[in-house]
Amino acid sequence: MPIDKAKSRFKGYLSTDEETLGSLSTDFGRLVRKVPSMVAVPAVALDVQTMVQLANEEGWTVSTRGASHSQSGQSLSEGGILLDMQGLNKIGPIEEDSVWVDAGVAWGDLVERTTERGLIPPVLTNNLNVTVGGTVSMAGLGVASHRYGTQADNVLALEVVTGVGDLVQCSPEENRELFDCTRCGLGQFSVITRVKLKLRSVLPSVRTYYLLYDDLGSLMEDQTRILHNQKFDFVEGWCAPCVQGLKTFGEARVPFAEWFYPVHLTVEHGGTAPSESILAGLNFYRHVHTEDVALSAYVQRLEPVFQMWRESGGWNLAHPWMEVILPWERAAEYIQGVLRSFPPNLLIGGHVLLWPCTGAAANAPLFMHPEGDFVMGFGILPAVPRHLVEMSVSLLNRASDLCIQLGGKRYLSGWVEFDHDKWKAHFGDQWHQFVQWKEFFDPNGLLNPGFLKYTE
Ligand SMILES: Cc1cc2nc3c(=O)[nH]c(=O)nc-3n(C[C@H](O)[C@H](O)[C@H](O)COP(=O)(O)OP(=O)(O)OC[C@H]3O[C@@H](n4cnc5c(N)ncnc54)[C@H](O)[C@@H]3O)c2cc1C
């Protein structure tokens, strides 16, 4: 790739150095390796435009990388230009109810600035080291999604460079279709350069009730009430195995577990924490703990867990994560069936998430989820050593297929091995529109090729 051609028109940092290319050739999944021909770190939005224009002239491809926490090579490039969006990292100014930020800003950096002002983006992901552009392209789910939908639902406007190299703004009022396909669009239609995000005021402290359920049915019954009456600001849950030893399975003796379900219910407050009476009527097995912390610590609550994964080596293992969004009515049967057949020892260094949510809160057109008042998010997030990858991927692919058969949808940042037909089925009645948007906004198909198979 002729770097000189790019250098004369690009203000940021460019490299074709082998070591740099190699360092950006894999993602958090550690399952896919793709080596770009050139890495471009834009300094300003015009750099992104320059690169996309050049790519159109020269027949190059352009892939966008945020913090590369996705797991199927979504943010990698095979032989094309890799835009490292973390070069665009300016925040502000922060207004009373909104803020413009560059797409490469990490959510954690933004939250540090907004909480100083008593403000917060309505939805935050568990991991704040990811970029605004990366999650808005995916959806961005968090423990407040039951109230506010996805991060993509809380975008007020975008500045983007389309696949033909136009630098434009879009919003519900202006260039609506571009706004609609860019959010949750996996970088297929445009490169996001800046995002105008909603902010809300937030109280400085939180109280979290740690509850344990021994029965998924009771948990789901309680959740319908919790999600309906909206007394809790943040809701999160897990499936936790209590390993019971070995049992005979066919010819083998395999480890098996009894599963329990921790649920954390959190309320914001300004000094007077809500009393335990807020739990009245809930049918949990045990109230394990009550935790009072500052809001600023709460939003970073999982960072010590991620740090543990880094220190234990789990961070560097393979992560064929599989997250699904299930129709409420089929969720219990699916989750119990999948957990029954899942070897609990595969979860060392990872966890299983349970994410009850309201369906109606999420409205971005390309965020696919089942219909219904309530939906259940469920994610198996293992850290897998090399020799167990093949077996784990095959188990997780089967669980993915079963979810789809039951009317569920995949969350697309994880390990997703879809062929053309599966992509078509994933987008369902949005598929025709998806392909039309692709032909219109990226007619040369140069943005992020490889992962999403939109042609047969
Ligand atoms: C430990 C951990 C915890 C997580 N927790 C959550 C969670 O709570 N909620 C949740 O929703 N997800 C979660 N995820 C998944 C993660 O948030 C998504 O993968 C998200 O996309 C990551 O953002 P990123 O900046 O790493 O994006 P990348 O992985 O770099 O990119 C993701 C996609 O967005 C595209 N993209 C990136 N930047 C742009 C841009 N500027 N313009 C256009 N397209 C772009 C890429 O091409 C790619 O297709 C978690 C992941 C990890 C590893």
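Residues numbered from 1 in each chain as written. Predicted model: local features only at pLDDT ≥ 70, side-chain atom pairs only at ≥ 80, totals over all residues. Heavy atoms only, no water.

*Asks:* Tell me what's going on with the overall build of the chain, and back it up with residues and numbers.
*Replies:* A tally of helices and strands in the chain yields 14 helices and 19 strands. In terms of C-alpha radius of gyration, the chain reaches 22 Å, essentially the compact-globule figure of 23 Å for 456 residues. The principal-axis extents of the C-alpha atoms in the chain amount to approximately 65 × 60 × 45 Å. Out of the 456 residues in the chain, the part that is buried amounts to 57%. Summarising the internal contacts of the chain: among those between residues at least 6 apart in sequence, 73% fall at separations of at least 24. In the form shown here, the chain has an accessible surface area of approximately 18800 Å², with 50% of it arising from carbon and sulfur atoms. Taking the average location of the 36 positive side-chain charges in the chain and that of its 52 negative ones, the two points are 2 Å from each other. (Helix = DSSP H or I, 4+ residues; strand = E, 2+ residues; numbered from the N terminus. Rg over C-alpha atoms; globule rule 2.2 N^0.38 Å. Buried < 20%, exposed > 50% of the residue type's maximum accessible area, 1.4 Å probe, protein only. Contact = heavy atoms within 4.5 Å. Areas by Shrake-Rupley, 256 points an atom, 1.4 Å probe, with all protein chains shown as cover. Lys, Arg positive; Asp, Glu negative; His and termini not counted. Charge placed at Lys NZ, Arg CZ, Asp CG, Glu CD.)

*Asks:* Describe the site of the ligand, with residues and values.
*Replies:* The environment of the ligand is made up of 36 residues, and the closest members are Thr-64, Gly-66, Ser-70, Thr-131 and Tyr-411. At a separation of 2.8 Å, an oxygen atom of the ligand approaches a polar backbone atom of His-69. Separating an oxygen atom of the ligand from a side-chain N or O atom of Tyr-411 is a distance of 2.7 Å. Expressed as a share of its isolated accessible area of 960 Å², the protein-covered part of the ligand is 98%. The set of elements that each furnish at least two residues to the shell around the ligand consists of strand S3 (62-65), helix H5 (132-138) and strand S10 (190-198). Of all the elements, H5 adds the most residues to the shell around the ligand, at five residues. For the shell around the ligand, the residue count by class is 15 nonpolar, 20 polar and one charged. (Near = heavy atom within 4 Å. Polar contact = N/O pair within 3.5 Å; in protein donor to acceptor, adjacent residues only side chain to side chain. Nonpolar A, V, L, I, M, F, W, Y, C, P; charged D, E, K, R; others polar.)

*Asks:* Tell me about the domain arrangement of the chain, and name the residues and values.
*Replies:* Assigned domains within the chain: domain 1 (3-86), domain 2 (88-201) and domain 3 (205-410). Put simply, the middle of domain 1 and the middle of domain 2, counted by C-alpha atoms, are 21 Å apart. Across the boundary between the two partners, domain 1 contributes 19 residues, which contact 21 residues of domain 2. Taken over both partners, the interface formed by domain 1 and domain 2 buries close to 1400 Å², and the fraction arising from carbon and sulfur atoms is 65%. Linking domain 1 to domain 2 there are zero salt bridges. Where domain 1 touches domain 2, the interface holds six residue pairs in polar contact (both at pLDDT 80 or more). With seven residues, the single largest contributor to the side of domain 1 that touches domain 2 is helix H3 (residues 45-58). For the side of domain 1 that touches domain 2, the class distribution of residues is 10 nonpolar, nine polar and no charged. (Domains from an automatic or database assignment. Buried area = accessible area lost by both parts, 1.4 Å probe. Salt bridge = Lys/Arg side-chain N within 4 Å of Asp/Glu carboxyl O.)

*Asks:* Summarise the pattern of salt bridges; cite the residues concerned and give the values.
*Replies:* Evaluated as defined, the whole model comprises 14 salt bridges. Between Asp-180 and Arg-176 there is a salt bridge, with the nearest N and O atoms lying 3.2 Å from each other. Taken together, the residues Asp-180 and Arg-176, both in helix H7 (residues 176-182) and four residues apart, mark about one turn of the helix. Measuring nitrogen to oxygen at the nearest pair gives 2.8 Å for the salt bridge that ties Glu-236 to Arg-301. Taken as a pair, Glu-236 in strand S13 (residues 234-249) and Arg-301 in the loop between helix H9 (295-298) and helix H10 (303-312) lie far apart in primary sequence, 65 residues in all. On the accessibility criterion, Arg-301 (21% relative accessible area) is partly exposed. A single salt-bridge network, built from bridges that share partners, covers Arg-176, Asp-180 and Arg-183.

*Asks:* Can you tell me about the nonpolar core, naming the residues and giving the values?
*Replies:* If you look at the biggest cluster of nonpolar residues, it comprises 73 residues, and the most contacted ones within it are Val-101, Leu-158, Leu-197, Phe-367, Trp-423 and Phe-427. Ranked by residue count, the leading element in this core is helix H14 (residues 431-441), at five residues. In terms of domain composition, this core takes at least three residues from each of domain 2 (88-201) and domain 3 (205-410). Tyr-213, Ile-278, Ile-335 and Leu-347 belong to the second largest nonpolar core, which has 43 residues in total. (Core = buried A, V, L, I, M, F, W, Y, C linked by side-chain atoms within 4.5 Å.)

*Asks:* Can you explain the packing of aromatic side chains? Please cite residues and give values.
*Replies:* With the rule as written, the count across this model stands at 20 aromatic pairs. Ring pairs connect the aromatic residues Phe-189, Phe-418, Trp-423, Phe-427, Trp-431, Phe-434, Trp-437 and Phe-451, which therefore count as one cluster. The residue whose ring lies beneath Arg-301 is Tyr-298, and the NZ or CZ to ring-centre distance is 4.4 Å. (Phe/Tyr/Trp six-rings, centres within 6.5 Å; stacked < 30°, edge-to-face > 60°. Lys NZ or Arg CZ within 6 Å of the ring centre and 35° of its normal.)

*Asks:* A description of the environment of Pro-327 should follow, citing residues and the corresponding values.
*Replies:* Inspection of the secondary structure puts Pro-327 in strand S16 (residues 322-327). Separated by 43 residues in sequence, Pro-327 and Pro-370 have C-alpha atoms that sit 5.4 Å apart. Among all residues touching Pro-327, those that are not within four sequence positions of it are Pro-370, Leu-406, Gly-407 and Gly-408.

*Asks:* I'd like a rundown of the sheet that holds strand S15 (residues 286-294), residues and numbers included.
*Replies:* Each strand in a sheet pairs with another by means of backbone hydrogen bonds, the pair being arranged parallel or else antiparallel. Taken together, the eight strands give an open sheet; going across it, the order is S15-S12-S14-S13-S17-S18-S16-S19, and neighbouring strands pair in antiparallel fashion. In this open sheet, the two strands that pair with only one neighbour each are S15 and strand S19 (409-410). In this structure, strand S17 (residues 351-358) lies alongside strand S18 (residues 374-381), joined through eight bridges in antiparallel fashion. Across the sheet, Leu-353 pairs through a bridge with Gly-379, a residue of S18. The strands touched by helix H8 (residues 216-229) within the sheet are strand S12 (205-213), S13, strand S14 (252-269), S17 and S18, with S17 carrying the most contacts at an inclination of about 40 degrees. (Pairing = 2+ DSSP bridges. Axes fitted to C-alpha atoms, helices over the stretch in contact; angles between N-to-C directions.)

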